[in-house]
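# Commentary on secondary and tertiary structure
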Amino acid sequence: MKSIFRLIRWQNLLFSALVVWLMEKMVAVPLLDTALYGEQLPEWMLILLMLSVVFIAAGGYAINDYFDVKIDSINRPERLIVTRDISKQQAMLIHQVMTATGAVLGLVVAWFTRSWTLCIIYIFVPGLLWFYSSSYKRQFIVGNLIVSFSVALVPLMVAIANAGYMRHRYGAELMQYTTVSNDIFAWIGFFALFAFLTTFVREILKDLQDQAGDRELECHTMPILIGERWTKVILTAFILIIAGVAGYAVFCLMPFEHKWSSMPVRYWVFGLLIPLCCELYLLWRATLPSDYHYAQGLMKFIMLIGVLFSIVIRVMMGR
């Protein structure tokens, strides 16, 4: 059982569930309250949305390790799970059960919210994760973009579910007279963009760490094709963009009466700007795989801090 939890990366699954819950309770609900609509998604629907994300992500991790046995045996043999603790047949079964369960739960949510967009996501993403693990992850940038896009969808699904449920409940005509749906998409879209950018940086850092195994299996990752120095230059640009996106949220998305408040500004400076500067320092001094591993860990922390900014939004709105 312990091996299965390691295979499906239970810590990452808890984080994904936390993201969905925060987007609903700390972003969508305060905005709906401000517009006098009140919370829209029933609790059972939110739980199904969280579980669908968790199960599909778990299936994705399982199939990723299924196809990565050779690479992992070179890059991180001490952490190899498939073929050592779990057979390839068991890993494939876990992938199938987890993915099917997540897709069914997600389609139930799509049905009750009358959202064709959610329906397409729950059909499209599992197949995308399969092809990513089997081939796309070895191609230049394509695999990195797929993972980043998939992670960005997690917060966006909350906005999509709320929009679909409100259109079904109040009618598309009535929804034209309120901006609350657009406000939810604007704020959650910021978190989705933040998740995309930070995940992209983490994925490239992972490629920098895994160069030995990637070269052995002739993967066309960014560090292998353009070299470590130019890869670091590109990552530097993305880290600066992350800082700019977070600053835009603080100074532009915040309501006028709150944007110069000390809380969001201090959160941006001490919670994001300073850690991002530390990330740049770790990036440029990194030479060994372990150095890139530490840089990945810091980027995970930055992602968590960015997501927790949703709590600041709720506090500032006085809800």
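First, a word on what this report is: a plain description of the structure on this page. Fair warning: this is a prediction, and the values are worked out from it, not measured in the lab.

### Overview of the overall build of the protein
A tally of regular secondary structure across the protein gives 14 helices and 0 strands. Counting helices and strands in the order they occur from the N terminus, the protein gives α-α-α-α-α-α-α-α-α-α-α-α-α-α. Over its C-alpha trace the protein gives a radius of gyration of 20 Å, about what one expects of a compact globule, namely 20 Å for 319 residues. Its C-alpha atoms put the protein at 60 × 45 × 30 Å along the principal axes. When each of the 319 residues of the protein is scored for burial, the buried share is 54%. Put simply, 78% of the contacts in the protein that link residues at least 6 apart link residues at least 24 apart. Counting only carbon and sulfur atoms, one obtains 67% of the accessible surface of the protein, whose full area is about 14,900 Å². With 25 positive and 21 negative side-chain charges, the protein shows a separation of 2 Å between the mean positions of the two kinds.

### Observations regarding the packing of aromatic side chains
A full pass over the atoms with the stated rule returns 10 aromatic pairs. Centroid distance F190 to F194: 6.3 Å. Interplanar angle 45 degrees. Geometry classified as tilted. Within this pair, F190 and its partner F194 are both found in helix α9 (residues 180-209), separated by 4 residues, close to a single helical turn. When sorted by exposure, F190 lands in the same class as F194, which is buried. Judged by centre distance (5.4 Å) and plane angle (50 degrees), the ring pair of Y267 and F309 falls under tilted. Of this pair, Y267 sits in helix α13 (residues 262-285) while F309 is found in helix α14 (residues 289-316), placing the two residues 42 residues apart along the sequence.

### Focus on a nonpolar patch on the surface
Together, F140, L225, I226, W230, V233 and W284 line one region of the surface with nonpolar side chains, adding up to about 570 Å² of accessible area. Elements supplying a minimum of two residues to the nonpolar patch: α11 (222-226) and α12 (228-253).

### Overview of the pattern of salt bridges
Counting across every chain of the model gives 5 salt bridges. Where R6 meets D85, a salt bridge forms, and the shortest distance between an N and an O atom there is 3.3 Å. Placement of the pair is R6 in helix α1 (residues 2-7) and D85 in the loop between α4 (69-75) and α5 (88-113), with a sequence separation of 79 residues. The salt bridge partner of E39 is K25, with a shortest N-O separation of 2.7 Å. One end of the pair, E39, is in the loop between α2 (10-34) and α3 (43-67); the other, K25, is in helix α2, with 14 residues separating them in the sequence.

Here is what the cut-offs are and how they apply
Residues numbered from 1 in each chain as written. Predicted model: local features only at pLDDT ≥ 70, side-chain atom pairs only at ≥ 80, totals over all residues. Heavy atoms only, no water. Helix = DSSP H or I, 4+ residues; strand = E, 2+ residues; numbered from the N terminus. Rg over C-alpha atoms; globule rule 2.2 N^0.38 Å. Buried < 20%, exposed > 50% of the residue type's maximum accessible area, 1.4 Å probe, protein only. Contact = heavy atoms within 4.5 Å. Areas by Shrake-Rupley, 256 points an atom, 1.4 Å probe, with all protein chains shown as cover. Lys, Arg positive; Asp, Glu negative; His and termini not counted. Charge placed at Lys NZ, Arg CZ, Asp CG, Glu CD. Phe/Tyr/Trp six-rings, centres within 6.5 Å; stacked < 30°, edge-to-face > 60°. Patch = residues over 30% accessible without salt bridge, like charges linked within 9 Å, V, L, I, M, F, W, Y side chains within 5 Å. Salt bridge = Lys/Arg side-chain N within 4 Å of Asp/Glu carboxyl O.

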